[in-house]
Structures are given as C-alpha cells and as structure tokens.
Protein chains: 2
Amino acid sequence: MPRDGQLTRERLLEAAERLVERNGFAATSVDAILEESGSSKGAFFHHFANKRALAHALVERYVDADLSLLRAGLDAVEAEPDPVQKLLAFLGFYENWSGDLTSESACLYIAVVTERDLLDDQTGGQVERAILGWRAAVAELFRKAYAARGLTHGPDPDDLADQLFVVFEGSYLVCRALGSGEPMRAQLRVYRQLVESLLSD
Amino acid sequence: MPRDGQLTRERLLEAAERLVERNGFAATSVDAILEESGSSKGAFFHHFANKRALAHALVERYVDADLSLLRAGLDAVEAEPDPVQKLLAFLGFYENWSGDLTSESACLYIAVVTERDLLDDQTGGQVERAILGWRAAVAELFRKAYAARGLTHGPDPDDLADQLFVVFEGSYLVCRALGSGEPMRAQLRVYRQLVESLLSD
DNA sequence: TCGGTATCAGACTGTTCAGTCTGTTGTATC
DNA sequence: GATACAACAGACTGAACAGTCTGATACCGA
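Residues numbered from 1 in each chain as written. Chains lettered and ligands numbered in written order. Predicted model: local features only at pLDDT ≥ 70, side-chain atom pairs only at ≥ 80, totals over all residues. Heavy atoms only, no water.

Caption draft 1: Representation of the overall build of chain A within the structure. Check the secondary structure of chain A and you find nine helices and zero strands. Across chain A, helices and strands are ordered from the amino to the carboxyl terminus as α-α-α-α-α-α-α-α-α. With the C-alpha coordinates of chain A rotated into their principal frame, the extents come out at 65 × 30 × 30 Å. A total of 201 residues make up chain A; the buried ones form 52% of that total. In chain A, 70% of the contacts between residues at least 6 apart in sequence involve partners at least 24 apart. For chain A, the exposed area adds up to about 8,600 Å²; of that, 48% sits on carbon and sulfur atoms. In chain A, the 21 positive side-chain charges and the 32 negative ones have mean positions that sit 3 Å from each other. (Helix = DSSP H or I, 4+ residues; strand = E, 2+ residues; numbered from the N terminus. Buried < 20%, exposed > 50% of the residue type's maximum accessible area, 1.4 Å probe, protein only. Contact = heavy atoms within 4.5 Å. Areas by Shrake-Rupley, 256 points an atom, 1.4 Å probe, with all protein chains shown as cover. Lys, Arg positive; Asp, Glu negative; His and termini not counted. Charge placed at Lys NZ, Arg CZ, Asp CG, Glu CD.)

Caption draft 2: Representation of the packing of helix 8 (residues 157–178) of chain B against helix 9 (residues 182–199) of chain B. Residues and elements named next belong to chain B. Relative orientation of the contacting elements helix 8 and helix 9 amounts to 155 degrees, with a least axis distance of 8 Å. It follows that helix 8 is roughly antiparallel to helix 9 by the angle criterion. Regarding helix 8 and helix 9, the two cross each other, and that crossing is right-handed. Residues Leu-160, Gln-163, Leu-164, Val-167, Phe-168, Ser-171, Tyr-172, Val-174, Cys-175 and Leu-178 of helix 8 lie in contact with helix 9, whose contacting residues are Pro-183, Met-184, Gln-187, Leu-188, Tyr-191 and Leu-198. Looking at the contact of helix 8 with helix 9, its residues break down into 13 nonpolar, three polar and no charged. (Axes fitted to C-alpha atoms, helices over the stretch in contact; angles between N-to-C directions. Parallel < 35°, antiparallel > 145°, perpendicular 65-115°, else oblique. Left-handed = near helix turned anticlockwise from the far one by under 90°. Nonpolar A, V, L, I, M, F, W, Y, C, P; charged D, E, K, R; others polar.)

Caption draft 3: Layout of the interface of chain B and chain A. Residue-level contacts link 49 residues of chain B with 49 residues of chain A. When chain B packs against chain A, close to 4,200 Å² is buried across both sides, 63% of that on carbon and sulfur atoms. Put simply, chain B and chain A have four salt bridges between them. Asp159(B) is the salt-bridge partner of Arg189(A), the closest N and O atoms lying 3.2 Å from each other. If you look at where chain B meets chain A, you find 22 residue pairs in polar contact (both at pLDDT 80 or more). For the side of chain B that touches chain A, the secondary structure elements donating two or more residues are helix 1 (5–23), helix 6 (108–114), helix 7 (121–149), helix 8 and helix 9 of chain B. When residues of the side of chain B that touches chain A are assigned to their parent elements, the largest contribution, 15 residues, is made by helix 8 of chain B. Across the side of chain B that touches chain A, the residue classes break down as 24 nonpolar, 11 polar and 14 charged. (Buried area = accessible area lost by both parts, 1.4 Å probe. Salt bridge = Lys/Arg side-chain N within 4 Å of Asp/Glu carboxyl O. Polar contact = N/O pair within 3.5 Å; in protein donor to acceptor, adjacent residues only side chain to side chain.)

Caption draft 4: How the structure looks around empty space enclosed by the protein. Following the criterion strictly, the structure yields four cavities of 30 Å³ or more and no others. The space that makes up the largest cavity amounts to roughly 70 Å³. What lines the largest cavity is Val20(A), Glu21(A), Ala106(A), Cys107(A), Ile110(A), Ala111(A), Tyr172(A), Arg176(A), Val113(B) and Thr114(B). Mapped onto the lining of the largest cavity, the elements with two or more residues apiece are helix 1 (5–23), helix 6 (108–114) and helix 8 (157–178) of chain A together with helix 6 of chain B. Roughly 60 Å³ of volume is contained in the second largest cavity. Listing elements by their share of the lining of the second largest cavity, those giving two or more residues are helix 6 of chain A together with helix 1, helix 6 and helix 8 of chain B. (1 Å grid on protein atoms, 1.4 Å probe; cavity = no way out; pocket = protein on both sides within 12 Å on 5 of 7 lines; lining within 4 Å. Points joined across faces, edges and corners; volume = space filled by probe spheres on them.)

Caption draft 5: A look at the packing of aromatic side chains. According to the stated counting rule, one finds 22 aromatic pairs over all chains in the structure shown. Ring centres 4.9 Å apart and planes at 70 degrees place the aromatic pair Phe44(B) and Phe45(B) in the edge-to-face group. Owing to a relative accessible area of 0%, Phe44(B) belongs among the buried residues under this scheme. Here a set of aromatic residues connected by ring pairs shows up, and it is made of Phe90(A), Phe93(A), Tyr94(A), Trp97(A), Trp134(A) and Phe168(A). A cation over an aromatic ring shows up here: Lys51(A) above the ring of Phe25(A), its NZ or CZ 4.6 Å from the ring centre. (Phe/Tyr/Trp six-rings, centres within 6.5 Å; stacked < 30°, edge-to-face > 60°. Lys NZ or Arg CZ within 6 Å of the ring centre and 35° of its normal.)

Caption draft 6: Seen up close, the environment of Glu36(A). Residues and elements named next belong to chain A. Considering the arrangement of structural elements, one finds Glu-36 in helix 2 (residues 30–37). In this structure, the C-alpha to C-alpha distance between Glu-36 and Gln-126, residues 90 residues apart in sequence, is 26 Å. Discounting chain neighbours no more than four positions away, the residues touching Glu-36 are Ala-15, Arg-18 and Leu-19. Here Arg-18 takes part through its side chain, which lies 2.7 Å from a polar atom of the side chain of Glu-36.

Caption draft 7: Summary view of the pattern of salt bridges. Taken as a whole and assessed by the stated rule, the structure comprises 32 salt bridges over all chains. What you see here is one network of salt bridges that share partners, running through Glu140(A), Arg143(A), Lys144(A) and Asp158(A).

Caption draft 8: Spatial organisation of the domain arrangement of chain A. All names here are of chain A. What the domain assignment reports for chain A is domain 1 (1–48) and domain 2 (55–199). A straight line from the C-alpha centre of domain 1 to that of domain 2 covers 29 Å. Counting residues at the interface gives 13 residues for domain 1 and 13 residues for domain 2. Linking domain 1 with domain 2 are three salt bridges. Across the pair Glu-104 and Arg-22 runs a salt bridge whose closest N-O atoms are separated by 3.1 Å. The tally of links from domain 1 across to domain 2 stands at seven residue pairs in polar contact (both at pLDDT 80 or more). For the side of domain 1 that touches domain 2, a count of residues per class yields six nonpolar, one polar and six charged. (Domains from an automatic or database assignment.)

Structure follows, in structure tokens:
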C-alpha cells in the first residue's frame, strides 16, 4: 500500500491546516487530523516525530505560501513605471484577492501566536520571517513612492509596511468575529485610501 | 474558610484570563487555573457550571473592560472643541496608553476567535458588542471631523473606525510574534499619522 | 528471487483532562 | 445553640489524548 510518502505527508498537512485554522492547535487532536485526512496513526508518526514537529512543518509551509502571495502582488505590478501608482496597484491587488475570502477563511499565524508555548524558536522564527519579508518588500515600495513625490518626512516606511500586515491579521480576526469576509475587503480598501491620501499631499 | 464567594470567583477569573491570554483556551486546563489562583476543584465548579461557562464570564468581563478603555479615551478628549483635534487627541490617548504594553501583553479576543467551537452565540455576541461599540463611537468622531473639514467624500467613517480596532488586534499579534511591545506604539502612531493626512487634505 | 527499507495499519499504554461526588467548614438567622 | 445553606476541599471517574509498538505490505536494488 505504501507508494508515495510525500503525498500522504501532504494530505496530513492539508488536513491539519484546515483543522488548526478552524480550532487552534491545542484543540486539534492528532486523531482528528487522521480522520480528516483518512490516514492512520502509523502514517502520522512516521512522517512527524511528534505533534510539535507537525506544527513546525505546518508553519514553514504556510509562511512559504504567504511569501508567494507577496511575490504574486509584486509581480502583478512590476510593469508599472510610476512608483506611486505601483504601490497603489500593489495594494489594489490584495483588495482584489480578498474578494475570494469567506467567513471560513482564517490565518494560521493567529493560531500559532495564540499559544505561547507553541511559539518556540522554530515557529516564532518562521512567523518573523513572514513579517520581515512583507516589511522589506512593501517598505521598499513606500520609499520609492516617497522619493517620487519628493516627500522627506512622514510615517516611517517600515512602519507603514508593517501596517499592511497588521491590517491583514486584524481583519482576519474581525472577519471571524463577525462571520463575514467583507471586513477584509473594507479594511484593505481603507488602508489603500489612507495611503493614497498620504501620497497626494 | 468560605467567606466571600465573589472574591474567589474574581481570583479564578483573573488567573484564567492570564493563562488563556498566554496559551489559548483549549491549552489552559482547569487544573492549571486552580494552581494559578490557589483554588480548588470544588470552588471552580461551584462558581462555574463547566469550562465553557468560564469562557462566557471571561469574555463578558473582558469586553466590559475594553469598552471602559474606549470610554476613557472619549472622556480624555471631551473638552476639546475642534472635532479634528479631538479625533487626533483621541488616537493620541491610545498611543500614550500603549506605552505600558510589554511583549507579554495579549488580547483575549485573539484567543476566543482562534477556537471556532468556542465562538458560540454567547462569546461571539460579546466580541461583536466590543467591535460595534468601538465602531459607533469612533465613527462618530470621524463624522464630526469630516463635517468640520467640509469633507463630503473619502473613506467610510464606519470602516475608518473599524480600522482602529483592526490595528489594535493586528498589532497585538505582531507584538507577540516579534516579542516586543514596540509595534503597537508604532502602528497606532502610523494610523494616527494617516488619519492626520486624510483630514489635512 | 530475496533481503532491505520506506510506508504504513491499528491495537495498546500511561497520562491528563473535564467533570462528579461526598464530605467539611464558616456564617448568618432565629 | 440548632438549623440551614453557601462556599469550599479534594478523592475519584470515564473519556480523550499523545505517543509507542508490533507487524504487515509494497517496492527496489542486487
């Protein structure tokens, strides 16, 4: 029966991600993951030394996907020559992306950060990698837009960049609380409008 | 030994809040709460029908405190006659407040929203009460500032108000992830600067 | 064809968990 | 001082949990 171990591992990760995003890590039992993925205990502990090792793999995988989403946004606006328009189009990309979100959508970062004893060097470092990845890329867009507008003062580009990440995460939370994907769209739009106002002074 | 039951109940709630904010609800055992509060099983289940009832009491208590913080901000700027300055001073109040935050600071909303099967009518309704409370009050400040500036278009005041809540929550998450209270201060400052820019057009 | 190894399947184990139950103690009331 | 009851204390229970262990089964190189 064993054929492609990587496929089984992937199925386990997918099932785990669904359940952890839904209920958090501690509330997600290994047995529940097995049922969701149609796998067995033997398979699980063959691929992961323990539950924590699953968390590590889960977060690393999620950060990779998240940074791919960042790159997708950057790629989508690469051709735009004007730095200000480029930044605004970049933000518009995610407004557009957020159209797919439902009330079921959730972010793994929230689950990871909720449980402090899960936030070890491994998982903590991965989440940090995501935050710093977004910061570096988006701050660069802000710096070039600042330069194009001849702005010498104003909010720190790094902080402005972090604000986008913060809006993503805060919106995920509000979406869950209000049972709708709409707040994400509204909040990304507001952030873009605020940035637009800042750069039009 | 039994004297003031309310005091014991309060000690249980305080201990539970510390632990739940630290590790989430599912990862916080009743036994851990008993140890943290120096109480007993008998005491716990005398005051709470079950663990879920504790969650309900915990969230209601937290929302009350959160809305008190909102009122504190409103009260602090009540004397300011100019609507724009009032709004900016209001936001400044929380920048100031955020100075007390450490890397240990956390928000119960994140823990509640993380675990979907904890988000029933009871807890969900309480978190909604908090969001709508902030939205109503802050949107009102925005509407008056808009009127004072003669602004007829721009971001929706409700969405602008939600953005403050979103920035709070997203910043809590980033603070936890980066192990510092600094991002909260930086993000509240950026939000205030963006609003300032919007209202100075 | 035959060992070797990766890939599982699932019974089993020790621990931890939420919740129960029995009994005790302070304290107010008459 | 007897009664009544709220406020515990803590031993106990059944279920759920993470993790172990013994095999079984496919596939691969020699």
